[in-house]
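The chain contents come next:
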Amino acid sequence: MSALILISVLGVVVLYLGLFDKKSWLAPIGVLGLLGAIALFATGWHIDHPLLGGMLAFDRFSTGMNIGMAVITVLIFLFGPDYYHRAKRHVAEQYALMLFSLVGGFLLTAYTDLVMLFIGIEVLSIPLYVLAGAKKHNLRSNEASFKYFLLGSFSTAFLLMGIALLYGLAGSFDLAVIGKHIAEAGSSNMLLNFGLFFTVTGLAFKMGAVPFHFWKPDVYQGAPTLVTTFMATVVMMAATAGFYRLIEGTGMPGTLARILVLLVLATMLVGNVIALRQTNFKRLMAYSSISHSGFLLLALLTLNGTAEQSASVGGTLVYYTFTYSLATTGLFILFTIAKRACNGAEDNGIFRGLFAAKPWLALCALAMLLSLAGIPLTAGFIAKYQVFLLAIGAGWLKVMGFGVLMALLGIYYYIMVAREVFVPSEQPMTFTVSPLNWVVVSLCAAAVLALGLWPGWLV
Amino acid sequence: MELLALILIPFLAATWLLFARPAMARGIALTSTLLTLALVLWLWYTWAGGTVIAVSHDWVPAFGMRLVLGYGGIGLLMLVLTGLLFPFIIGTGWKQPAGDPALVNALLLFSQAALFGVFMAQNAFLFYIFFELSLIPIFFLLLFWGGEHKRAITIRFFLYTLLGGLALLFSIAYLTLQTPAPHSADFTALAALHLPMGTQVWLFWTLFLAFAIKMPIFPFHSWQPETYVMAPTQGTMVLSAVMGKMGLYGIVALVFAFVPEGAAYWRNWVIGLSLFGALYAAVIAFRQNDFKRLVAYSSMSHFGLMCAALFTFSVYGITGTLYQALAHGVLMVCLFYIVGAMFQRTGSNDFATMGGLKTKMPRFALLFLFVTFNGVALPLTQSFVGEWLMYTGFWEFDHWTAFAAVVLIVLGAIYMLYAFQRVMLGPDREVSFADADAEEHFFLVPLIAIFMLVGIFPNVILHLVDGPVQQLLNSIALLN
């Protein structure tokens, strides 16, 4: 709770700093505050008492997830000074909005009550609608913001509908009560089926699961890269956590399992197949994040209501989303560097010549791409392997076999980007890298490798 | 400690080459491979039978991942193969450079480190990791310095082998979950599983697929000829001489050990497919007008024969295959070296540009002739011993299969001799090709000496695999 308050206050403080035009203070203050929040979470690792009248309960899973999100936000903030170097105005708002959004993420990891789920999603999303349109004079940015807002509102409406139906079933917003009613109601109860369907729709939208994924490529492409990074990482983690909490609370009734299987298959298929044809790096990353949400959903599918399974799925999700976010953050920073070197081009070819100019950064890029692809000795591999183990353990052998095939496609498009990194460019390129960016990229790559070699730290 | 050094020496040398880009890249790489060769020979010298486990550490206990390195006779044979051939593969770079020496040699050494890992891993998970890692350096080698259509061909090769790799990973994950908690992926734990027949029947294919693609076996071979032809000489050598052996080794160490009943169930199918593929490749090889492509198909034909012999489950067949694995490695390095040397002189792999060269380059012709003898398995060469043992294995299994194998051996002789004829013999031509120079002698003569010596004294190798093969067959027989 103290961390929640700290981050909310921090957002306000950052806003005030903006008022006094202290641009160079923003990132350091933000990072300091976030580190404080991480410390608060870390010291209260096992806080297992409900808050706000039982609407929030921080346990091991939510604490791990929150620390992960805060760490990624720190990395993004460290990227900030360079990214906003030329921006004159409204920089403080961007940091503050990200912090507010993060608070929403915290709520999503720990809710035990559907009202809190709704509040969490809204607190998470509303700042994002603004952030996506942060480049006020850029058409694409405006499009992204508008699209995200419209579709986001729809999904929220669905979510509310679902919550209302579930309330109608159980007479309570409390997940534990709802879970008990679901266990009694059986899977032929229409109220239950529609309630779950609409709630899942709302959450699947946030994760970008197919067929609720249409916003993702456009929003990722249109939003400023730093915001895209935030959405691809922190928001993804929060949405996954929200999904996990819901299923953990309701158990896995047959209807939900059927919906999830369809979501998993469609998401893996569409995400990976369409990613094959992407030439714009941001769109590629959008489809890659869709395909990763397919794997995350596969992990969610193995939940069965027992505490033991919930714990192992929870651990896998934290590990998977955190390592995915690390690699994504580093790659987006490299993308920004390369984009500047190529006068604003965004296709995959902008990475050409990176190896010749900056061999170290090229190797970092390779490590992160291989991690996203799930090649051994990187964290991404361990993450996928955990999902596979869960799926095999729960008996989803065929779905898992399909997942293996899709992972194969995934490797292809990441490797094609990796190839660009090592191909010499026609004309000599000059990549300007600020020391801070260099450190963050190196950190991301090193962490991805270290977590792949010694996954015991997180598992 | 020696085992870790075997992985670390090439790895560190490669890292050094990659970052420091020293001018003496080839020399450093050669030194590192000679060091590992010395180490491997030392391991061989001190090996007293049985399985030696030298390193055993927990890594991620939650998934049964453990760092277990060790070797038995069969693993040791593969280590000898890798250790012996890599100095020659690196040495090829002097005469037939592929590209930037520092990068090429770094990639080659990385793949050597991973290959040593594959043959030493005693944990299925670790095996898988090395299995995949060995692929990545070769992937980049082909992608940067391949020939025509390198991008499309490399990608196809990569996806093919990754598909096999992922199927392997799936099988390992499944097997690990079947072990009693706490799960373990150690070879010993997985071999003790005795899965029900129904499971073994399908699990066999998910395991076998990876190795069938690696070798390759019909009908999983369509990546192979194009890749071999397009790859730079050194890449082709690694692929055919060493990496294909991962397939054979994997079948013995994983498939036979974990799903013996599945293997027994499907053996007729596998033998049929392998022999058909071998026959098919031999016929295609005979019809080739491209020297490199001919050698590529001949490699596939040999692999078909070797794989079929493994599944005879006879002492002769398996021993012969393992013996032949080494012979095939040496032969392929020789042949691809000769192909590369001819390419340097004629600028093409087409037989039309060759022929009638024996008087112009007599010493080269003589060297090539010796290699051809090994290729057609003349007595006193290494291949003769291997093919004879395999043939005996087929005879024990089934007389018709033995007949098919004999046809294959004859076809092999035909296309090899035909290749020699088209390159060297025929009416003399007025060309100014240089004869074999000192470097080429320096490369080919030791290899010829090796295959002659091992052909005359086959027991040197056979004593490595005798015990392990017997043990393997006993364990399979016990289950049946």
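Per chain, the residues get numbers from 1 upward, laid out in the order the sequence is written. To label them, take the chains in the order written and letter them from A, then take the ligands in the order written and number them from 1. It should be noted that, the model being predicted, local features are given only for residues of pLDDT at least 70 and side-chain atom pairs only at 80 or more, the latter also being counted only at that level, while totals for whole chains, interfaces and linings use all residues.

**Student:** Residues and numbers for the overall build of chain A, please.
**Tutor:** Here a helix means four or more residues in a row that DSSP labels H or I, a strand means two or more in a row labelled E, and each is numbered from the N terminus. What chain A contains, in helices and strands, is 18 helices and 0 strands. The reference for a compact globule is 2.2 Å times residues^0.38; the radius of gyration itself is calculated from the C-alpha atoms. In terms of overall size, chain A behaves like a compact globule, its C-alpha atoms giving a radius of gyration of 21 Å where 459 residues would be expected to give roughly 23 Å. The principal-axis extents of the C-alpha atoms in chain A amount to approximately 70 × 55 × 40 Å. To sort residues by burial, count the other C-beta atoms lying within 10 Å of each one's C-beta; a count of 20 or more means buried, 12 or fewer means exposed, and anything in between means partly exposed. C-beta atoms are built from the backbone. Taken across its 459 residues, chain A has 60% of its residues classed as buried.

**Student:** Which residues make up the environment of Leu-209 of chain B, and what are the values?
**Tutor:** Residues and elements named next belong to chain B. Here Leu-209 is to be found in helix H9 (residues 197–214). The spatial distance from the C-alpha of Leu-209 to the C-alpha of Ala-167 is 7.1 Å, given a sequence separation of 42 residues. A pair of residues counts as a contact when their C-beta atoms, built from backbone coordinates, are within 7 Å of each other. Among residues more than four places away in sequence, those in contact with Leu-209 are Gly-164 and Ala-167.

**Student:** Any chance you could break down the nonpolar core for me, citing the residues and the numbers?
**Tutor:** Counting residues in each nonpolar core, the largest one holds 377 residues, and the members touching the most others are Leu-300, Ala-365 and Met-368 of chain A together with Leu-77, Val-255 and Val-333 of chain B. The biggest single contributor to this core is helix H14 (residues 315–346) of chain B, with 19 residues. Of the residues that make up this core, three or more belong to each of domain 1 (1–258) and domain 2 (259–480) of chain B. With sequence-adjacent residues up to four places away left out, Leu-300 of chain A is seen in contact with Phe-243, Tyr-244, Ile-247, Leu-260 and Val-313 of chain A. Think of a nonpolar core as buried Ala, Val, Leu, Ile, Met, Phe, Trp, Tyr and Cys residues chained together by C-beta atoms that fall within 7 Å. Boundaries between domains were set according to an automatic or database domain assignment.

**Student:** Any chance you could break down the pairing of strand S1 (residues 52–60) of chain B for me, citing the residues and the numbers?
**Tutor:** Residue and element names in this part refer to chain B. Only strands joined by at least two bridges in the DSSP assignment are considered to pair. Strand direction decides the pairing type here: S1 and strand S2 (residues 65–71), joined by 7 bridges, are antiparallel. Within the sheet, the bridge partner assigned to His-57 lies in S2 and is Leu-67. Hairpin connection, S1 to S2: the antiparallel pair is bridged by 4 residues, and Gly-64 has positive phi, about 75°.

**Student:** Any chance you could break down the interface of chain B and chain A for me, citing the residues and the numbers?
**Tutor:** With 19 residues of chain B in contact, the opposing surface of chain A contributes 19 residues. Taken together, the elements giving at least two residues each to the side of chain B that touches chain A come down to helix H5 (124–133) and helix H7 (150–178) of chain B. With 11 residues, the top contributor of residues to the side of chain B that touches chain A is H7 of chain B.

**Student:** Requested: an account of the packing of helix H8 (residues 190–207) of chain A against helix H10 (residues 225–250) of chain A, with residues and values cited.
**Tutor:** Residues and elements named next belong to chain A. Between H8 and H10, the shortest axis-to-axis distance is 8 Å and the interhelical angle comes to 155°. It follows that H8 is roughly antiparallel to H10 by the angle criterion. By crossing handedness, the relation of H8 to H10 is classed as left-handed. Facing Thr-199, Leu-203, Lys-206 and Met-207 of H8, the residues of H10 in contact are Met-236, Ala-239, Thr-240, Gly-242, Phe-243 and Leu-246. Classification used: nonpolar for Ala, Val, Leu, Ile, Met, Phe, Trp, Tyr, Cys and Pro, charged for Asp, Glu, Lys and Arg, polar for all others including Gly. Classifying every residue of the contact of H8 with H10 by side-chain character gives 6 nonpolar, 3 polar and 1 charged. Note on method: axes are straight lines fitted to C-alpha atoms, helices fitted across the in-contact stretch only, with angles between N-to-C directions ranging 0 to 180 degrees. Just so you know how the angles are binned, under 35 degrees is roughly parallel, over 145 roughly antiparallel, 65 to 115 roughly perpendicular, and the rest oblique. With the far helix as reference, a near helix turned anticlockwise by less than a right angle produces a left-handed crossing, and one turned clockwise produces a right-handed crossing.

**Student:** Please set out helix H13 (residues 307–341) of chain A residue by residue, giving values where relevant.
**Tutor:** Compared with the 51 Å implied by 1.5 Å per residue over 35 residues, the 51 Å span of H13 of chain A between its first and last C-alpha is a close match. With 26 of 35 residues buried, H13 of chain A lies mostly within the body of the structure. The span expected for a helix works out to 1.5 Å for each residue beyond the first.

**Student:** Let's hear about the domain arrangement of chain B: which residues, and what values?
**Tutor:** Residues and elements named next belong to chain B. Taken domain by domain, chain B consists of domain 1 (1–258) and domain 2 (259–480). When each unit is reduced to the centre of its C-alpha atoms, the spacing between domain 1 and domain 2 is 21 Å. Taken together, the contact between domain 1 and domain 2 spans 45 residues of the former and 46 residues of the latter. Breaking the side of domain 1 that touches domain 2 down by element, the ones donating at least two residues are helix H3 (73–95), H9, helix H10 (224–230) and helix H11 (233–258). With 14 residues, H11 is the largest single contributor of residues to the side of domain 1 that touches domain 2. A class-by-class count of the residues in the side of domain 1 that touches domain 2 yields 30 nonpolar, 13 polar and 2 charged.

**Student:** So, the environment of Thr-206 of chain B: which residues are in play, and what are the values?
**Tutor:** All names here are of chain B. Mapped onto the elements, Thr-206 comes out in helix H9. According to the C-beta neighbour criterion, Thr-206 is buried, with 22 such atoms within 10 Å. In this structure, the C-alpha to C-alpha distance between Thr-206 and Leu-169, residues 37 residues apart in sequence, is 9.0 Å. Residues in contact with Thr-206, not counting those within four places in the same chain, are Ala-167, Phe-170 and Ser-171.

**Student:** Break down unusual backbone geometry for me, citing the residues and quoting the values.
**Tutor:** Look at the link from Val-210 of chain A to Pro-211 of chain A: it is a cis peptide, with omega at 10°. Residue placement: Pro-211 of chain A occurs in the loop between H8 and helix H9 (215–222). In this model, Met-215 of chain B is joined to Pro-216 of chain B through a cis peptide bond whose omega is 0°. Its place among the elements puts Pro-216 of chain B in the loop between H9 and H10.

**Student:** Any chance you could break down helix H4 (residues 91–110) of chain A for me, citing the residues and the numbers?
**Tutor:** The first and last C-alpha atoms of H4 of chain A sit 30 Å apart over 20 residues, in line with the 28 Å expected at 1.5 Å per residue. Counting buried positions over the 20 residues of H4 of chain A gives 19, a clear majority of the element.

**Student:** Quick one: what's the story with the packing of helix H4 (residues 101–120) of chain B against H5 of chain B, residue by residue and with numbers?
**Tutor:** All names here are of chain B. Closest axis-to-axis distance for the H4/H5 pair is 8 Å, and the angle between their directions is 155°. Overall, the two elements H4 and H5 adopt an arrangement that is roughly antiparallel. Viewed along their axes, H4 and H5 form a crossing whose handedness is left-handed. Each of Ala-114, Gly-117 and Val-118 in H4 lies in contact with H5, whose residues at this interface are Phe-127, Phe-130, Phe-131 and Leu-133. Of the residues assigned to the contact of H4 with H5, the class counts are 6 nonpolar, 1 polar and no charged.

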